[in-house]
Amino acid sequence: MKGTQLGEFEEIVLLTIAALYDDAYSVAVLEEIERRMERPMSIGAIHRTMQRLEEKGLVKSRFGEATTERGGRRKRLFTVTPAGERSLFEAKTLRNDLWAAIPKGAFKTSLS
């Protein structure tokens, strides 16, 4: 298994797979990320990232049933593994700890 540290885009893809739960296939992941980030994405970037996450053992895939809407082709569905879940919680904890460490007054905008 490769390392389990997440890059920023890997984290977004992994979170999206978790959010889609039992319907996470590449096109659905692409559409969900594009909707939330309000910018176009490359399906190739999504495929490569999902493959890398699987090589790291953070997701696993299986083939769903063939559907007529896809011309009889089956969807490759992804789910988050326990190692993927741990990586997401570690990333969340690190981010929360860093946000909590920012002193009051460090930001000059009213967004904080």
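Just so you know, these numbers come straight off a predicted model, no measurement behind them. Note that residues are indexed from 1 along each chain, following the sequence as it is written. Local features in a predicted model are, by the rule used here, given only for residues with pLDDT of at least 70; side-chain atom pairs are given and counted only at 80 or more, and totals for whole chains, interfaces and linings are based on all residues. Hydrogen atoms and water are omitted, and side-chain values are computed over all heavy atoms in the structure.

Here Ser26 lies in helix H2 (residues 26-37). Between buried and exposed lies partly exposed: a residue is buried under 20% and exposed over 50% of the maximum accessible area for its type, with that area taken using a 1.4 Å probe on protein chains only. Residue class for Ser26 comes out buried when judged on its relative accessible area of 13%. Once you skip the residues sitting within four places of it in the chain, Ser26 turns out to touch Ile43, Ile46, His47 and Met50. By definition, any uninterrupted DSSP run of H or I lasting at least four residues is a helix, any uninterrupted run of E lasting at least two residues is a strand, and each is numbered from the N terminus. Residue contacts follow a heavy-atom distance rule, with two residues in contact if any of their heavy atoms lie within 4.5 Å.

A positive phi is found at Tyr21, a non-glycine position, where the angle reads about 50°. Secondary-structure assignment places Tyr21 in the loop between helix H1 (8-20) and H2. The exposed category is assigned to Tyr21, whose relative accessible area is 62%. A positive phi angle is found at Glu38, which is not glycine, with a value near 55°. For Glu38, the position within the fold is in the loop between H2 and helix H3 (43-55).

This part covers the pattern of salt bridges. Between side chains of opposite charge, a pair can form as their charged atoms come close. Every case where a carboxyl oxygen of Asp or Glu lies within 4 Å of a side-chain nitrogen of Lys or Arg is listed as a salt bridge. Scanning all chains against the criterion turns up seven salt bridges. The salt bridge involving Arg52 is made with Glu10; its shortest N-O contact spans 2.6 Å. You can see Arg52 sitting in helix H3 and its partner Glu10 sitting in helix H1, a full 42 residues away along the chain. Here Arg52 falls in the partly exposed class, since its relative accessible area comes to 31%. For Arg36, the salt bridge goes to Glu32, with nearest N and O atoms at 2.7 Å. Note that Arg36 and Glu32 are positioned in helix H2 at a spacing of four residues, about one turn of the helix. A relative accessible area of 58% means that Arg36 is categorised as exposed. The structure contains a network of salt bridges with shared partners spanning Glu10, Arg52 and Lys56.

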